[in-house]
Amino acid sequence: MYAMLISYKNLTVKLFMSNQSRPLIAYLALGAVCIIWGTTYLALRIGVTQFPPFLFSVMRFLCAGPILLGFMLTVGKATLPGRKSIFNQAVAGLLMVTLGISVVGWAEMYVSSGLAAIICSMMPIWVILINVSVNRNERPTFPIVLGLLIGLSGIVMIFGEHLSDFSDSRYTFGIAITFLANLSWAVGSVWTKKKNDHTNPFLNAGLQMFFGGLFLIPLSLIFDDYSTIHWSGGVISALVYLILVGSVAGYACYLYAVKKLPMTIVSLYAYINPIVAVLLGWLVLDEKLNMRIGIAILITIAGIYIVNKGYQLKDVWKAQFSKS
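Below, the structure is looked at part by part. (Residues numbered from 1 in each chain as written. Predicted model: local features only at pLDDT ≥ 70, side-chain atom pairs only at ≥ 80, totals over all residues. Heavy atoms only, no water.)

**As for helix α5 (residues 113-120)**
Our working rule: Only protein chains enter the area calculation, which uses a 1.4 Å probe; residues under 20% of their type maximum are buried, those over 50% are exposed, and those in between are partly exposed. Only DSSP runs of H or I with at least four residues qualify as helices, and only runs of E with at least two residues qualify as strands; both kinds are numbered from the N terminus onward.
The buried fraction of α5 is high, at 8 of 8 residues. Residues S113, G114, L115, A116, A117, I118, I119 and C120 constitute the buried set of α5.

**Focus on helix α4 (residues 83-107)**
Quick reminder of the rule: In this scheme, a helix's expected span is set at 1.5 Å multiplied by one less than its residue total.
Given a rise of 1.5 Å per residue, 25 residues ought to cover 36 Å, and the 33 Å separating the end C-alpha atoms of α4 matches this to within 8%. Counted residue by residue, α4 has 19 buried out of 25 residues, so it is predominantly covered.

**A word on the pattern of salt bridges**
Put simply, the rule is: Any Lys or Arg side-chain nitrogen located within 4 Å of an Asp or Glu carboxyl oxygen qualifies as a salt bridge.
Applying the stated rule across the entire model yields 1 salt bridge. As a salt-bridge pair, D168 and R170 come within 3.4 Å of each other at their nearest N and O atoms. Residue classification places D168 among the partly exposed positions, given a relative accessible area of 29%.

**Considering the nonpolar core**
General note: in soluble globular proteins, nonpolar side chains tend to be found buried as a group. For clarity, the cut-off: To qualify as a nonpolar core, a set must consist of buried Ala, Val, Leu, Ile, Met, Phe, Trp, Tyr and Cys residues joined through side-chain atoms within 4.5 Å. We call two residues in contact whenever any of their non-hydrogen atoms come within 4.5 Å of each other.
Ranked by internal contacts, the top residues of the largest apolar core, which has 91 residues, are W185, Y251, Y254 and Y269. Considering each element in turn, this core owes the most residues, 14 residues, to helix α10 (residues 233-260). Sequence-distant contacts of Y269, defined by excluding residues within four places in its chain, comprise L30, V33, C34, W37, M123, W185 and Y254.

**Describing empty space enclosed by the protein**
Here is the rule: Grid points spaced at 1 Å over the protein atoms alone were grouped into cavities, where a 1.4 Å probe fits but cannot get out, and pockets, open sets with protein on both sides within 12 Å along at least five of seven lines, with lining residues defined by an atom within 4 Å of a point. Grid points are joined across faces, edges and corners, and a volume is the space filled by probe spheres set on the points. Any residue outside Ala, Val, Leu, Ile, Met, Phe, Trp, Tyr, Cys, Pro, Asp, Glu, Lys and Arg is labelled polar, Gly included; the first ten of those are nonpolar and the last four are charged.
Scanning the model with the defined rule gives 2 cavities of 30 Å³ or more in all. In this structure, the largest cavity is lined by 18 residues; those nearest its centre are W37, Y41, I101, C120 and W185. If you list the elements that add at least two residues to the lining of the largest cavity, you get α2 (24-48), α4, α5, α8 (169-195) and α12 (269-285). A per-element tally of the lining of the largest cavity places α2 first, with 4 residues. Across the lining of the largest cavity, the residue classes break down as 12 nonpolar, 5 polar and 1 charged.

The quantities given are spatial measurements derived from coordinates; they are silent on function.
Below is the structure:
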């Protein structure tokens, strides 16, 4: 028993020292992502319901990417990386910007901004499942399985409030597309974490947004209806906000946090985003929000938290006892 207490004490000290050593700026960047990206679902919803969705994202990222790149190459005095690194950024841009963020925006033509954010809150679960599938020795523990079941039960409760909407094939399609886009974002995040250990995260953000915007052009040509182009105050405001705040500031903060912090900690932003998005959707767009949906959101977030915490503790205890 005494040996176990000593082991636990040493583990606690190591955890505390590890947390203290992580840079404060990285945590501040993560905090910014938690709030900023919660607001982007509302801005996206406003934009894509009044403007061709892929064209809207093309303009967003082909403005935001060069702005951040220009700033880093001039004021930041950064230099462009080699071809291999640029290729890695292009792949990340395809997965995260083109097939991730922009496809979620396209799906918001059919689903509410709050519901899209709730589905995207499952990103930490995707990250853990990807890590487990890559490393065959990583088997899900009981807390991970329990958290998965709790989180999915919350999602089912939320969908239970929208059963009548499933009669609309476009709504069902929007739900499916949002899940796939969220999975693509998670794959891109894992790719970014593994491929960009020694490169500038802000320069990477600019490159990813630029390439993501380029890859969106053929999607816009194929799927967008340009006859629906309608410039309004709402569209312009949403576009400017998404370029400067949601993309330049938010995306740069995210990649900085990804580089400096463990991916499981960075994925915590997904717990806050849906709360911000649901509240804003209810206040601004009069989207549905009641006690049942509120409880379901908390259950979903609790499940994701249990999964994430179970995964972190599994790694910590494994590292501790492998040395003993």
